Amino acid sequence: MSDLGFDPSLKKKKKSKKTDESGESPAPESEGTPAVEDELFSGLKKKKKKSTKAFEMSPTPGEEDLSSSFDDLTLKKKKKKKSTKTTADDFEQQLEEAGIEEVPAEATEEDGNVSSGGFTYEELLSRFFTILKTNNPELAGDRSGPKFRIPPPICQREGSKKTLFANVQEIATVLQRNPEHLIQFLFAELGTSGSIDGEKRLVLKGKFQPKQMESVLRRYIIEYVTCKTCKSMNTELKRESANRLHFLSCKACGSTRSVSSIKTGFQAQIGRRKKM
Amino acid sequence: MSTIQNLTAFDPFADTGDSEAQPTNYIHIRIQQRNGRKTLTTVQGVPNEYDLKKILKVLKKDFACNGNIVKDDELGEVIQLQGDQRVKVSEFLTTQLQLPKKNIKIHGF
Ligand SMILES: [Zn+2]
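- Under an unreviewed UniProt entry, the name given to chain B is SUI1 domain-containing protein, and the source organism is Spathaspora passalidarum.
- What UniProt states about chain B under its Function (unreviewed entry) heading is, verbatim, "Additional factor that functions in concert with eIF-2 and the initiator tRNA in directing the ribosome to the proper start site of translation."
- Per its UniProt entry, chain B bears the Sequence similarities (unreviewed entry) comment "Belongs to the SUI1 family."

- Per an unreviewed UniProt entry, chain A carries the name Translation initiation factor IF2/IF5 domain-containing protein and comes from Spathaspora passalidarum.
- Under the UniProt heading Sequence similarities (unreviewed entry), the note attached to chain A is "Belongs to the eIF-2-beta/eIF-5 family."

### Things to note about the overall build of chain B
Thought 1: Each helix and strand counted, chain B has 3 helices and 5 strands in total.
Thought 2: Listed by position from the N terminus, the elements making up chain B come as α-β-β-α-β-β-α-β.
Thought 3: The 109 residues of chain B split such that 35% are buried.
Thought 4: A separation of at least 24 residues holds for 48% of the contacts in chain B among residues at least 6 apart in sequence.
Thought 5: Accessible surface for chain B amounts to roughly 7,300 Å². Of this, 50% is attributable to carbon and sulfur atoms.

### Concerning the coordination of the zinc ion
All names here are of chain A.
Thought 1: In the first shell of the zinc ion, the protein supplies Cys227 (SG), Cys230 (SG), Cys250 (SG) and Cys253 (SG), at 2.3 to 2.4 Å from the metal.
Thought 2: Considering all 4 donor atoms around the zinc ion, angles at the metal cover 106 to 111° and the coordination shape is tetrahedral.
Thought 3: Taken in chain order, the donor set of the zinc ion reads C-x2-C-x19-C-x2-C. Within this pair, whereas cysteine 230 is found in the loop between α10 (210-224) and β5 (235-240), its partner cysteine 250 is found in strand β6 (residues 245-250), the two being separated by 20 residues in sequence.

### Some points on the nonpolar core
Thought 1: If you look at the biggest cluster of nonpolar residues, it comprises 29 residues, and the most contacted ones within it are A:Phe165, A:Leu182, A:Leu186, A:Leu190 and A:Leu202.
Thought 2: Where this core is concerned, the elements lending two or more residues are α8 (168-174), α9 (179-190), β4 (202-205) and α10 of chain A.
Thought 3: It is α9(A) that provides the largest number of residues to this core, a total of 7 residues.
Thought 4: Apart from residues no more than four positions distant in its own chain, A:Leu202 is found in contact with A:Thr163, A:Leu164, A:Phe165, A:Val168, A:Ile183, A:Leu186, A:Phe187, A:Ser195 and A:Ile196.
Thought 5: One finds B:Leu59, B:Phe63, B:Phe92 and B:Leu99 within the second-largest nonpolar core, a separate group that totals 18 residues.

### Considerations on the sheet that holds strand β1 (residues 27-33) of chain B
Residue and element names in this part refer to chain B.
Thought 1: Pairing is mixed across the open sheet formed by 5 strands, whose spatial order is β3-β4-β2-β1-β5. On the outer flanks of this sheet lie β3 (67-72) and β5 (104-106), each paired with one strand and no other. Within the sheet, the average angular offset between the axes of one strand and its neighbour, ignoring direction, is 20°.
Thought 2: Relative to β1, helix α3 (residues 86-95) is tilted by about 165°, and along the sheet it contacts β1, β2 (39-44), β4 (76-82) and β5.

### A short note on the packing of aromatic side chains
Thought 1: Scanning all chains against the criterion turns up 4 aromatic pairs over all chains.
Thought 2: Each ring, one from A:Tyr220 and one from A:Tyr224, has its centre 5.4 Å from the other, and the planes form 35°; the classification is tilted. With A:Tyr220 and A:Tyr224 both in helix α10 and 4 residues apart, this pair spans about one turn of that helix.
Thought 3: Accessibility expressed as a relative area gives 0% for A:Tyr220, which makes it buried.
Thought 4: A cation over an aromatic ring shows up here: A:Arg127 above the ring of A:Phe119, its NZ or CZ 4.9 Å from the ring centre.
Thought 5: Taking NZ or CZ as reference, B:Lys105 lies 4.6 Å from the ring centre of B:Tyr26, over its face.

### Some remarks on the sheet that holds β5(A)
Two orientations exist for strands paired in a sheet by backbone hydrogen bonds: parallel and antiparallel.
Residues and elements named next belong to chain A.
Thought 1: In spatial order, the strands read β5-β6-β7; together these 3 strands make up an open sheet with antiparallel pairing. Edge strands, defined here as strands with exactly one partner in the open sheet, are β5 and β7 (256-259). Going from strand to strand, the sheet's axes swing by 30° on average, the running direction of each strand aside.

### Remarks on the confidence of the model for chain B
Thought 1: Taken as a whole, chain B shows an average pLDDT of 83; of its residues, 78% reach a score of 70 or greater.
Thought 2: Under the prediction, the complex receives an ipTM of 0.77, its pTM being 0.58.

### Some details on unusual backbone geometry
Negative phi is the rule for most residues except glycine; trans is the rule for most peptide bonds.
All names here are of chain B.
Thought 1: Backbone geometry places alanine 64, a non-glycine residue, at a positive phi of 55°.
Thought 2: Within the secondary structure layout, alanine 64 lies in the loop between α2 (52-63) and β3.
Thought 3: Taking relative accessible area as the criterion, alanine 64 reaches 68% and is therefore assigned exposed.
Thought 4: Although it is not a glycine, glutamine 98 adopts a positive phi angle of roughly 55°.
Thought 5: Since its relative accessible area comes to 60%, glutamine 98 is described here as exposed.

### As for the packing of α2(B) against α3(B)
All names here are of chain B.
Thought 1: Viewed as axis vectors pointing N to C, α2 and α3 meet at an angle of 130°, and their least axial separation amounts to 11 Å. The angle between α2 and α3 falls in the class oblique. Once α2 is placed against α3, the crossing between them reads as right-handed. Contact residues: α2 offers Ile55, Val58, Leu59, Asp62 and Phe63, while α3 offers Lys88, Val89 and Phe92.
Thought 2: Of the residues assigned to the contact of α2 with α3, the class counts are 6 nonpolar, no polar and 2 charged.

### A closer look at the pattern of salt bridges
Thought 1: Under the definition given, this model contains 7 salt bridges over all chains.
Thought 2: Linking A:Glu189 and A:Arg219 is a salt bridge whose minimum nitrogen-to-oxygen distance equals 2.4 Å. With a gap of 30 residues between them, A:Glu189 in helix α9 and A:Arg219 in helix α10 connect regions that are remote in the sequence.
Thought 3: Judged by relative accessible area, which is 5%, A:Glu189 ranks as buried.
Thought 4: Residue classification places A:Arg219 among the partly exposed residues on the basis of a relative accessible area of 26%.
Thought 5: For B:Glu77, the salt bridge identified is with B:Lys71, shortest N-O distance 3.4 Å.
Thought 6: B:Glu77 sits in the partly exposed class, given a relative accessible area of 34%.
Thought 7: Judged by its relative accessible area of 66%, B:Lys71 is exposed.
Thought 8: Look at the salt bridges and you will find they share partners, linking A:Asp197, A:Glu199 and A:Arg201 into a network.

About the cut-offs
Residues numbered from 1 in each chain as written. Chains lettered and ligands numbered in written order. Predicted model: local features only at pLDDT ≥ 70, side-chain atom pairs only at ≥ 80, totals over all residues. Heavy atoms only, no water. UniProt positions renumbered as here; feature names shortened; annotations may be inferred. Helix = DSSP H or I, 4+ residues; strand = E, 2+ residues; numbered from the N terminus. Buried < 20%, exposed > 50% of the residue type's maximum accessible area, 1.4 Å probe, protein only. Contact = heavy atoms within 4.5 Å. Areas by Shrake-Rupley, 256 points an atom, 1.4 Å probe, with all protein chains shown as cover. Donors = N, O, S within 2.8 Å, 3.2 Å for Na, K, Ca; no water. Tetrahedral: all angles 85-135°; square planar, octahedral: opposite > 155°, others 65-115°. Core = buried A, V, L, I, M, F, W, Y, C linked by side-chain atoms within 4.5 Å. Pairing = 2+ DSSP bridges. Axes fitted to C-alpha atoms, helices over the stretch in contact; angles between N-to-C directions. Phe/Tyr/Trp six-rings, centres within 6.5 Å; stacked < 30°, edge-to-face > 60°. Lys NZ or Arg CZ within 6 Å of the ring centre and 35° of its normal. pLDDT = per-residue confidence, 0-100. Parallel < 35°, antiparallel > 145°, perpendicular 65-115°, else oblique. Left-handed = near helix turned anticlockwise from the far one by under 90°. Nonpolar A, V, L, I, M, F, W, Y, C, P; charged D, E, K, R; others polar. Salt bridge = Lys/Arg side-chain N within 4 Å of Asp/Glu carboxyl O.

Below, the structure is given as structure tokens:
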């Protein structure tokens, strides 16, 4: 019975093996030592499969690989120049030819549009932009690149009345702002006070959800980080010592604007009343 | 008709609308946390021509909350309301008192 139960699986394996790799012939050995060998082979087979798959796959994305390997801008430029030159030469030649005949002229024109190494203009353009996006996304107009990605605020509860804002420091450095300034804004905006603990985390009085923190941070970024002219976040906050005003200067476009100082405004008396 | 289409989309030299020319005009609506889930809304900078007492009376009735007026030496009279009434107050100021929305600043989370 056991033999009968065992046999079909073996056969199956044999079959699959035969289809996969015709070169090897492990069939007789597997008959002699069933369990361990089979496992081994099955592993081997898997590997083989993968490798063959890779081989099969490799030709198709070869073009992509090639295009991505053109990271070197100079190389690409050269290529482009060459191709344009060749097309120009070709075109001239074809024009000369076209002087005699009319019918092939159309065909050559079409060739000129499509050729330059088998790429159409659209393809070249999209390839250029994908390469630009992968290498320097800032130039491609992508502001949400890794450089200006603001980490989400991490808020933990500290006891029942306090909130621990763990990554103020990190966020302030990403925004290129003095953490003191950001903390001052948070205090004013949330109508609370707090302190910085030993690990440079901010302890705020009151309960605040990360979502609420995010909205406050967003307002801070609009007020004190983004350049209103070009919407870049690559800015610097300087304090002019002459007039004690804060100025926001953009590193991307160079524009400067004055920024209002942080005002706490009216703070209501909470808890114990003032002594009369 | 400008031939450069990009310029029509966004004018970098346009007024951003937040000039500091009249800084005293702003009405600040703030929130403060009290003990527990309780909060407090403060309205600072309502123009003097309005009768704060009457406004407070209406607000208290409309929002079904208590409130009072606090006199601050520098910031003038401030309305205090119990609970988070920020959105409702700003709505009231814009619709009932016809105050421009850009002069109202809602603070807090
Ligand atoms: Zn700028």
